[in-house]
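If you want the building blocks of each chain, they are given just below.
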Amino acid sequence: GFQFLSVSSNGNLLTIPFVINATTGNVGIKQNPSYSLDILDDYAATTISIRIKNNLTSAGGSAILLVSNHNSELSSGGISYQKNGGGYLLGRLALFAGGDGDASLGTEYVSIKATGETGFSTTNPTNLVSLGGNAARIIWMERHTTAETAGNTLTLTAGGAISGATNKAGGALILQGGLSTGNTESGVTIQGCVAGASGTADRTQTTAIQVLGNKVG
C-alpha cells in the first residue's frame, strides 16, 4: 500500500498519519485501516478531530456530511450545520434522510437550533422538543419482544424541588390539548384497555376520562 510518513529532524519515524491499503482500498488516518475509512481519534478534547469547512462567506454557507448508498445513492442521508442566515437558522444542526445523493440531502427529519430546541419533522422548533404540526403524531414505547412478557411502564415526571429545601413544591405535570379558535374547544382524553375474556387477543383502547374545554366526562 501507500504510506505518507511523518519524520523528525533527525530522520526518525514519528507516526503513520495516512495509509492506503493497496489490497482492500481501505484508508487509515493515524493507523493501519481495518475499514473503508479508519480514523484513530487521539486528540485532546479541546481540539477538532474531523472538520468539514465551507469557505463561502455568503449568508447561506454551510458544512455538510453526506452518507449515501454505495450504489444508487437513493438512500442517502446527511448532517448539515448551517453557518448563518440565507433562509436558514443561525447555528442550526440538521439531520436529513432519503435524498438522491448529488442533488439533494432529502427530507429534514431532525433540526437542532443553536439555543437547544430540537424539532422532529419541523425545521423551526419553538420548544425544547417540538413535533411538526402538519400531521397527527404518536409518541409510544414499542411492544415487548420477549414471549409471554407484560409491557413495561412509561413514566412522565415533572421536576422536583432541590434536595434539602424547606417546604418547596415540586413542579406540576400539565396535560393540555392544542390551541383552538373561535367557538371550538380542545381537550384531553385518557384511555385504557378494559379486561375481557382470558386469552391472547389484543384488547381495544377505551376512553375512561375525557376533558373538553372546562367539562369532564
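Residues numbered from 1 in each chain as written. Predicted model: local features only at pLDDT ≥ 70, side-chain atom pairs only at ≥ 80, totals over all residues. Heavy atoms only, no water.

Enquirer: Help me understand a nonpolar patch on the surface, please; the structure alone is not making it clear to me.
Expert: A cluster of nonpolar side chains, contributed by Phe120, Leu128, Val129, Leu131 and Ile139, occupies part of the molecular surface with about 530 Å² of accessible area. Secondary-structure assignment places phenylalanine 120 in strand β9 (residues 118–120). (Patch = residues over 30% accessible without salt bridge, like charges linked within 9 Å, V, L, I, M, F, W, Y side chains within 5 Å. Areas by Shrake-Rupley, 256 points an atom, 1.4 Å probe, with all protein chains shown as cover. Salt bridge = Lys/Arg side-chain N within 4 Å of Asp/Glu carboxyl O. Helix = DSSP H or I, 4+ residues; strand = E, 2+ residues; numbered from the N terminus.)

Enquirer: In this structure, what is going on with the side chain of serine 130? I would like to understand it.
Expert: Its location among the elements puts serine 130 in strand β10 (residues 129–131). Of note is the side chain of serine 130, whose polar atom sits 3.3 Å from the backbone nitrogen of threonine 126. When neighbours within four sequence positions are excluded, serine 130 is seen to be in contact with Thr118, Gly119, Phe120, Thr122 and Pro125. (Polar contact = N/O pair within 3.5 Å; in protein donor to acceptor, adjacent residues only side chain to side chain. Contact = heavy atoms within 4.5 Å.)

Enquirer: What am I meant to see in the confidence of the model for the protein here?
Expert: Residues of the protein with pLDDT of at least 70 account for 65%, and the chain-wide mean is 78. Contacts for the low-pLDDT stretch residues 84–88, under 50 throughout, to residues beyond four places or in other chains number 10 contacts. (pLDDT = per-residue confidence, 0-100.)

Enquirer: Just to check I follow, could you spell out the sheet that holds strand β13 (residues 215–216) for this structure?
Expert: Paired through their backbone hydrogen bonds, the strands of a sheet run either parallel or antiparallel. The strand order across the open sheet formed by three strands is β11-β12-β13, and the pairing between neighbours is antiparallel. Looking at which strands have only one partner, the edges of the open sheet turn out to be β11 (187–193) and β13. Sheet analysis places strand β12 (residues 205–212) next to β13, joined by two bridges and oriented antiparallel. Opposite leucine 212, over in β13, you have lysine 215 as the bridge partner. (Pairing = 2+ DSSP bridges.)

Enquirer: Would you mind going over the pattern of salt bridges with me for this structure?
Expert: Side chains carrying opposite charge are able to pair once their charged atoms draw close together. Going through the model one piece at a time under the given rule, you end up with two salt bridges. Here arginine 143 ties to aspartate 202 by a salt bridge, and the two come within 3.1 Å at their closest N and O atoms. Here arginine 143, found in the loop between β10 and β11, pairs with aspartate 202, found in the loop between β11 and β12; they are 59 residues apart in sequence, far enough to count as distant. Accessibility expressed as a relative area gives 60% for arginine 143, which makes it exposed. (Buried < 20%, exposed > 50% of the residue type's maximum accessible area, 1.4 Å probe, protein only.)

Enquirer: Whenever I open this one, the pairing of β12 confuses me. Can you help?
Expert: Sheet faces and side chains relate simply in a regular strand, where the side chains alternate between the two faces. Bridge count for β11 against β12 is seven bridges, and the pairing is antiparallel. Following the sheet pairing, glycine 187 is matched in β12 by leucine 212. Linkage of β12 to β13, two consecutive antiparallel strands, is achieved through a turn of two residues, within which glycine 213 is found at a positive phi near 65 degrees.

Enquirer: When you look at unusual backbone geometry in this model, what are you seeing that I'm missing?
Expert: Of all residues except glycine, most have a negative phi; of all peptide bonds, most are trans. Positive phi, close to 60 degrees, is recorded for serine 121, a residue that is not glycine. Take serine 121: it is sitting in the loop between β9 and β10. Given a relative accessible area of 35%, serine 121 falls into the partly exposed group. Unusually for a residue other than glycine, asparagine 167 sits at a positive phi of about 50 degrees. Structurally, the position occupied by asparagine 167 is in the loop between β10 and β11. For asparagine 167, a relative accessible area of 77% puts it in the exposed group.

Enquirer: What's the story with the environment of serine 180 in this structure? I'm lost.
Expert: Considering the arrangement of structural elements, one finds serine 180 in the loop between β10 and β11. With 33 residues separating them along the chain, serine 180 and glycine 213 place their C-alpha atoms 9.8 Å apart. Side-chain polar atoms of serine 180 contact the backbone oxygen of threonine 184, separated by 3.0 Å.

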